[in-house]
Amino acid sequence: MITIPYLTALTTYFSYGLLFAFGQFRDFFRKIFDWWQASNLQGYAPICLGLEDFYIRRLYLRIQDCFGRPISSPPDAWFDVVERVSNDNNKTLKRTTVINRCLNLGSYNYLGFAAADEYCTPRVIETLKKFSPSTCSTRVDGGTTTLHSELEEVVANFVGKPAAVVFGMGYVTNSAILPVLIGKGGLIISDSLNHNSIVNGARGSGATIRVFQHNTPSHLEKVLREQIADGQPRTHRPWKKIIVVVEGIYSMEGELCKLPEIVAICKKYKAYVYLDEAHSIGAVGKTGRGVCELLGVDTADIDIMMGTFTKSFGSCGGYIAGSMELIQYLKYTCPAHLYATSISPPAAQQIISSIKVILGEDGSSRGAQKLAKIRENSNFFRSELQKMGFEVLGDNDSPVMPIMLYNPAKIPAFSRECLKQQVAVVTVAFPATPLLLARARICISAAHTREDLVRALEVISRVGDLVGIKYFPAEPNKQQLDDGRVKLE
Ligand SMILES: Cc1ncc(COP(=O)(O)O)c(C=O)c1O
Ligand SMILES: *[C@@H]1O[C@H](CO)[C@@H](O)[C@H](O)[C@H]1NC(C)=O
C-alpha cells in the first residue's frame, strides 16, 4: 500500500482540480467560438469525442514533450535522444538534428542485450541474410522456419515446462491467449494492477472477471471462496474453470509477486495459475529463470507461464509455456498463431542467442556475470535512492524502481530537469497509474557501470531537491551516549 503524505495529497488534488477547472473554462469558450465547426460536420458525430479527449487536450498536451521522445541509437546504457522544437506551445513537436547523449534509465534492457552483443549480433545478422526480416506468412502457412521450432524448444527448456508457443508480440500473447483459454461460464480472477494486455484479454474472453487487491493473497482467497460459493451469475451453476492471473514483477510497482502464497491458495481451491513474467524472466533468479526460481516455486505448479522477449532478451515477441497438451491446443485454436505473421527470424535468433549466453552455452561466463550485475546494480541503486529520502516502491532484486512524484506539476519538472543533465527517465501518470500516484520509473540494466549509476544518483538527488520529491528526508544520525541520552549529529 502506498501511503501518500496528507499535504501532498491535498496539493495534488488541488493541482488536478485547477487543471480541470481551467480546461473546462477553455472548453466552454471554445464551444462558443467554434459553433460553426460543429455545423461543418454535416451530420457526422465528431470522430474524437469531446469529453473523452479532455484529459489529452487539457492535461497531457501540456507535458507531451516528456513522452515519446525520439531516440536515434540502440537502447543501451547511454543513448541518443533527439531534441524537438515547437512553434505552438508544445501542441505539436518537430524533430531537430540536435542530439542529446543521455544516460538511459528507462528501457527494459535488463541484461544489456538490447545493444550490440559479441555473441548475439553476428548471429542475428547472419539470420537476416539467410532468412529475411519477415516470414510474410502465418505460422500454419509458410511462417514456421527451423528457427521458430528451435526457439520454442529453447524457451520451453529455459522456463522449465514441457512445451512452448511463441508470438510476434508480447501484448498479443496475453490479449489473444486468454480468450482461447476461457470463455462464458468461466471465471478470471485478476490482480488489480495487472497489465493492460491482461485486462483486455480477460475482457475479450467473455468470462466473468473479478479483481483482487494488488498482491494480497488473503484477499484472493476471500474472492475465490465467495465466487466458488456463489457460482455463475443468475444460474449459480459451478464455474466451468477458474484462472488466477498474476505478474512476476509488477511493471509499474517494481514489486515481486507473492507467488508461493498465491500458488498455495490456487491449489487449495483448484484454480489454474496464469503467470505473466514479462519483467521477471531473464532478469531475476540465480540463472535468470524468473520469479519461480527466485522465490522457490516449482514450475510444475504454474499452469500457464507467459513472458515476453522485449525486456531481458533484447528482442520482440512473447511466449506461453505449459503442458504439451495445452500448447498443442493453443496452436490449433489461437488466432494470433493462425492468422498473424510469425515472429521475425532475426528477432527469433536474438532470443535463442541471448538465452544461450544466459545459460553459458556460448562457452563464456558472460551470462552469469550479467545476472550478478543486474542484481548488484538494482540493489545498490535502490538503497542509495532510499538513503537520499525518495519514496521508492518495489522489492529488493527487482530492476524496476518507481520514484513517487504525486503532483502533476512534478512530472514535467522532474523529467525535463533530468534530461537537461543528460539523464533520460520515464515518467508515468494517469491512466497508467491512479490519478494521485504519478511516478518516475527507473529501470536498471546490467549494462550500467558503477560510474553510470553514481552519476545518475547525483543528478536525481539534485533534481529531487529542486523539484521537492524527497518525501522521506533521512533522519539525522543519532548517536547513543553512554548515559542514555541521544546526540544528534
Ligand atoms: C506485464 C506485461 N505483460 C505484457 C506486456 C506486453 O509486452 P510487449 O511490450 O512485449 O508487447 C508488458 C509490456 O510492457 C508487460 O509489462
Ligand atoms: C515545451 O517543452 C519544453 C521542453 O521540450 C519545455 O521546456 C517548455 O516549458 C514547454 N513549454 C510549454 C508551454 O509547456
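Small disclaimer: the values here were computed from a predicted structure and weren't measured. (Residues numbered from 1 in each chain as written. Chains lettered and ligands numbered in written order. Predicted model: local features only at pLDDT ≥ 70, side-chain atom pairs only at ≥ 80, totals over all residues. Heavy atoms only, no water.)

(A) Local environment of helix H13 (residues 345-359). Over its 15 residues, H13 runs 21 Å from end to end, which matches the ideal 21 Å to within 8%, given 1.5 Å per residue. Of all 15 residues that make up H13, 13 are buried, and the element is covered over most of its length. Where H13 ends, the next residue or the one after it, Gly360, has phi of about 80 degrees, a positive value. (Helix = DSSP H or I, 4+ residues; strand = E, 2+ residues; numbered from the N terminus. Expected span 1.5 Å × (residues − 1). Buried < 20%, exposed > 50% of the residue type's maximum accessible area, 1.4 Å probe, protein only.)

(B) Region of the structure containing helix H16 (residues 450-467). If you check H16, its first and last C-alpha atoms are 25 Å apart, about what 18 residues at 1.5 Å a residue would give, namely 26 Å. Those residues of H16 that sit buried are Asp452, Leu453, Ala456, Leu457, Val459, Ile460, Ser461, Val463, Gly464 and Val467. Immediately downstream of H16, the backbone of Gly468 shows phi near 75 degrees, a positive value.

(C) Structural detail: the sheet that holds strand E14 (residues 426-428). Reading across the sheet, the three strands line up as E12-E15-E14 and stay open at both edges, with antiparallel pairing between neighbours. At either end of the open sheet lies a strand with only one pairing partner, and these are strand E12 (400-406) and E14. Put simply, the sheet's adjacent strands are angled 30 degrees from each other on average, direction ignored. Of the pairings in the sheet, the one linking E12 to strand E15 (residues 438-443) comprises six bridges and is antiparallel in character. Bridge pairing links Val400 to Cys443 in E15. (Pairing = 2+ DSSP bridges. Axes fitted to C-alpha atoms, helices over the stretch in contact; angles between N-to-C directions.)

(D) Representation of the nonpolar core in the model. By size, the foremost hydrophobic cluster in this structure holds 62 residues, and its most contacted members are Ile189, Leu220, Val244, Val246, Leu259 and Ile302. Apart from residues no more than four positions distant in its own chain, Leu259 is found in contact with Val246, Leu275, Val291, Cys292, Leu295, Val297 and Ile302. By size, the runner-up hydrophobic cluster in this structure holds 38 residues, among which are Leu385, Leu393, Ile411 and Ala438. (Core = buried A, V, L, I, M, F, W, Y, C linked by side-chain atoms within 4.5 Å. Contact = heavy atoms within 4.5 Å.)

(E) Quick look at the environment of Tyr471. Examined against the element boundaries, Tyr471 turns out to sit in the loop between H16 and strand E16 (478-480). Beyond its immediate sequence surroundings of up to four residues, Tyr471 is in contact with Pro5, Thr8, Gly389, Met404, Leu405, Tyr406 and Lys410. At 2.9 Å, the side chain of Tyr471 forms a polar contact with the backbone oxygen of Leu405. (Polar contact = N/O pair within 3.5 Å; in protein donor to acceptor, adjacent residues only side chain to side chain.)

(F) Local environment of the UniProt feature "domain: Aminotransferase class I/classII large" (unreviewed entry) in the protein chain. Sites flagged by UniProt as "domain: Aminotransferase class I/classII large" (unreviewed entry) map to residues 102-460. Split by type, residues 102-460 is 42% helix and 17% strand. Its first and last C-alpha atoms lie 13 Å apart. (UniProt positions renumbered as here; feature names shortened; annotations may be inferred.)

(G) Looking closely at the site of ligand 2. Close to ligand 2 lie Arg62, Asp65, Asn89, Asn90 and Arg416, which account for all nearby residues. Asp65 has a polar side-chain atom sitting 3.4 Å from an oxygen atom of ligand 2. Across the complex, the protein chains shield 48% of the 360 Å² of accessible surface that ligand 2 would expose by itself. Taken together, the residues of the shell around ligand 2 sort by class into no nonpolar, two polar and three charged. (Near = heavy atom within 4 Å. Areas by Shrake-Rupley, 256 points an atom, 1.4 Å probe, with all protein chains shown as cover. Nonpolar A, V, L, I, M, F, W, Y, C, P; charged D, E, K, R; others polar.)

(H) Up close: the domain arrangement of the protein chain. Splitting the protein chain by domain gives domain 1 (6-104 + 368-487) and domain 2 (120-358). Distance between the C-alpha centres of domain 1 and domain 2: 29 Å. The interface of domain 1 with domain 2 comprises 16 residues on the first partner and 17 residues on the second. For the domain 1 and domain 2 pair, buried surface summed over both sides reaches about 1,200 Å², with 60% attributable to carbon and sulfur atoms. On the domain 1 side of the interface with domain 2, the three residues burying the most area are Leu371, Asp395 and Arg441, jointly 36% of the side's total. Joining domain 1 to domain 2, the criterion identifies one salt bridge. Linking Glu253 and Arg439 is a salt bridge whose minimum nitrogen-to-oxygen distance equals 3.0 Å. Elements supplying a minimum of two residues to the side of domain 1 that touches domain 2: helix H14 (366-388), E12 and E15. The element that contributes the greatest number of residues to the side of domain 1 that touches domain 2 is H14, accounting for three residues. (Domains from an automatic or database assignment. Buried area = accessible area lost by both parts, 1.4 Å probe. Salt bridge = Lys/Arg side-chain N within 4 Å of Asp/Glu carboxyl O.)

(I) View of the UniProt feature "transmembrane region" (unreviewed entry) in the protein chain. Mapped onto the present numbering, the UniProt feature "transmembrane region" (unreviewed entry) falls at residues 6-25. Summarising residues 6-25: 100% helix, 0% strand, and an end-to-end C-alpha distance of 28 Å.

(J) Examining the sheet that holds strand E3 (residues 163-167) more closely. What the seven strands build is an open sheet, ordered E3-E11-E10-E9-E6-E4-E5; its pairing is mixed. Where the open sheet ends on each side, the last strands, each with one partner, are E3 and strand E5 (208-212). With direction set aside, neighbouring strand axes in the sheet form an average angle of 20 degrees. Two strands pair when backbone bridges link them, and E3 and strand E11 (residues 318-322) are joined in this way by five bridges, in the antiparallel orientation. Paired with Val166 across the bridge in E11 is Tyr319. The strands touched by helix H9 (residues 259-269) within the sheet are strand E6 (242-247) and strand E9 (272-276), with E6 carrying the most contacts at an inclination of about 180 degrees.

(K) Spatial organisation of the environment of Gly168. Residue position: Gly168 is located in the loop between E3 and helix H6 (170-181). When its relative accessible area of 36% is taken as the criterion, Gly168 is described as partly exposed. Linking Gly168 and Ala347, residues 179 residues apart in sequence, is a C-alpha distance of 9.1 Å. In this structure, Gly168 is in contact with Cys316, Gly317 and Ile343, ignoring residues within four places of it in sequence.

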